[in-house]
Amino acid sequence: MLALLYDIHGNLPALEAVIGDAEQSGAQRYLLGGDYALFGPWPEETVQRLRALDAVWIRGNGERWSARPADAPDDEVVQAAIGACREMLGEETVEELAALPEAYVDGHARYCHGSPVSDVRSFFPEPADDEPDLLGDAIEPRLVFGHTHLQFRRESVLGGLELVNPGSVGMPFDGDNRAGYALVADGGELELRRVAYDHEESSEAARERLPGFGETIARRISQAAFVT
Ligand SMILES: [Mn+2]
């Protein structure tokens, strides 16, 4: 059993809850889909916890932005979060995470952060006009991605290819506070899962542990929505 963990965003209690649920369900291996630390109250602890797993890691835009702040949007919250993340993780870890591969292919599934062509452009529960472009050269029957923090699965508009967003472990934006992730059985059968945890503890920690922008993060965790 393989567990797919995307968009953890430094939310350690959410990660612990998901690992507990995954282990109880028989997961022994993990696919880590990027955005491990940025924006969250426990960046360092989250990365340390992930290092203890038998896992394949890929890079998200959060890792890229943390290493190259000038490549990130000129947005007050984003730039403040990058500064805090760099300080808490330290340069060595920031560079190590930024050097992770952008994708991983295991034969019948391709894993990326946003889409095969971008770590910031992705698919939505309802198809958008750019979906054929975003598929790039993916030929595997299943394409797994995160980034939007919206958990869903559906067939792509081109057919013959399943799109899966396992959801965000640490910061869902679909109005459901529970941590999102997915399990894949050895035969390939995939299950989207949600796990309840103390999200108010994480929200409060964002307020206490992070500078000015922490209030925004606290509200995102508390409301399970992309509030600005
Ligand atoms: Mn993310």
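First, a word on what this report is: a plain description of the structure on this page. Computed from a predicted structure; not experimentally measured.

**Observations regarding the overall build of the protein**
Summing up its helical and strand segments, the protein has 8 helices and 10 strands in all. In terms of C-alpha radius of gyration, the protein reaches 16 Å, essentially the compact-globule figure of 17 Å for 228 residues. Taking the principal axes of its C-alpha atoms as reference, the protein extends roughly 45 × 40 × 35 Å. Counting only contacts in the protein whose residues sit at least 6 apart along the sequence, the fraction spanning at least 24 positions is 64%. For the protein, the computed accessible surface area is about 9600 Å², with 47% contributed by carbon and sulfur atoms. Where the 19 positive side-chain charges of the protein centre and where its 41 negative ones centre are 1 Å apart.

**Notes on the sheet that holds strand β9 (residues 179–184)**
Within the open sheet, the 5 strands sit side by side as β3-β2-β1-β9-β10. Their pairing is mixed. The two strands at the open ends of the sheet, each matched to only one other strand, are β3 (55–57) and β10 (190–195). Put simply, the sheet's adjacent strands are angled 25 degrees from each other on average, direction ignored. Bridge analysis of strand β1 (residues 2–5) against β9 gives 3 bridges, and the strand direction is antiparallel. Across the sheet, residue Ala3 finds its bridge partner in β9, namely Leu183. Lying on the sheet, helix α1 (residues 12–24) is in contact with β1, β2 (29–32), β9 and β10; it crosses β9 at an angle near 30 degrees.

**Here we look at the packing of aromatic side chains**
Taken as a whole, this structure holds 5 aromatic pairs when the rule is applied. Taking 5.0 Å as the distance between ring centres and 55 degrees as the angle between the ring planes, the aromatic pair formed by Tyr36 and Trp57 counts as tilted. Taken together, the residues span a long stretch of sequence, with Tyr36 in the loop between β2 and α2 (43–51) and Trp57 in strand β3 at a distance of 21 residues. Residue classification places Tyr36 among the buried positions, given a relative accessible area of 0%. A ring pair is formed by Tyr104 and Tyr111, whose centres lie 6.2 Å apart and whose planes are at 25 degrees; its orientation type is stacked.

**Observations regarding the nonpolar core**
In this structure, Leu5, Tyr36, Val169 and Tyr181 are the most contacted members of the largest nonpolar core, which totals 51 residues. No other element matches helix α4 (residues 76–89), which puts 7 residues into this core. Dropping the residues within four chain positions of it, Tyr36 is found in contact with Ile8, His9, Gly10, Thr46, Val47, Leu50, Trp57, Ile58, Glu63, Leu97 and Leu100. With 12 residues, the next largest nonpolar core counts Leu2, Leu4, Ile58 and Ala109 among its residues.

**Thoughts on the coordination of the manganese ion**
Around the manganese ion, the donor atoms from the protein are Asp7 (OD), His9 (NE2), Asp35 (OD) and His149 (NE2), and they sit 2.0 to 2.4 Å away. Read N to C, the donor residues that coordinate the manganese ion are spaced as D-x1-H-x25-D-x113-H. Taken as a pair, His9 in the loop between β1 and α1 and His149 in the loop between β6 (142–144) and β7 (152–155) lie far apart in primary sequence, 140 residues in all. Across the pair, exposure class does not vary: His9 and His149 are buried alike.

**Quick word on the sheet that holds β7**
As a general point, the strands of a sheet are linked pairwise by backbone hydrogen bonds and lie either parallel or antiparallel. Strand order in the open sheet made by the 5 strands is β4-β5-β6-β8-β7, with mixed pairing throughout. Only two strands of the sheet have a single partner each, and these edge strands are β4 (103–105) and β7. The mean angle between the axes of side-by-side strands here comes to 15 degrees, regardless of whether they run parallel or antiparallel. As paired strands, β4 and strand β5 (residues 109–112) are joined by 3 bridges and run antiparallel to one another. Each bridged residue has a counterpart across the sheet, and for Val105 the counterpart in β5 is Arg110.

**A short note on the pattern of salt bridges**
For the structure shown, the criterion picks out 19 salt bridges. In this structure, Asp119 and Arg59 form a salt bridge, with 2.8 Å as the shortest nitrogen-oxygen distance. Of the two residues, Asp119 sits in the loop between β5 and α6 (131–134) while Arg59 sits in the loop between β3 and α3 (61–67), which places them 60 residues apart along the sequence. Judged by its relative accessible area of 8%, Asp119 falls in the buried class. Residue class for Arg59 comes out buried when judged on its relative accessible area of 11%. Here the salt bridges share partners, and the residues they tie into one network are Asp174, Asp176, Arg178 and Arg194.

What counts and what doesn't
Residues numbered from 1 in each chain as written. Predicted model: local features only at pLDDT ≥ 70, side-chain atom pairs only at ≥ 80, totals over all residues. Heavy atoms only, no water. Helix = DSSP H or I, 4+ residues; strand = E, 2+ residues; numbered from the N terminus. Rg over C-alpha atoms; globule rule 2.2 N^0.38 Å. Contact = heavy atoms within 4.5 Å. Areas by Shrake-Rupley, 256 points an atom, 1.4 Å probe, with all protein chains shown as cover. Lys, Arg positive; Asp, Glu negative; His and termini not counted. Charge placed at Lys NZ, Arg CZ, Asp CG, Glu CD. Pairing = 2+ DSSP bridges. Axes fitted to C-alpha atoms, helices over the stretch in contact; angles between N-to-C directions. Phe/Tyr/Trp six-rings, centres within 6.5 Å; stacked < 30°, edge-to-face > 60°. Buried < 20%, exposed > 50% of the residue type's maximum accessible area, 1.4 Å probe, protein only. Core = buried A, V, L, I, M, F, W, Y, C linked by side-chain atoms within 4.5 Å. Donors = N, O, S within 2.8 Å, 3.2 Å for Na, K, Ca; no water. Salt bridge = Lys/Arg side-chain N within 4 Å of Asp/Glu carboxyl O.

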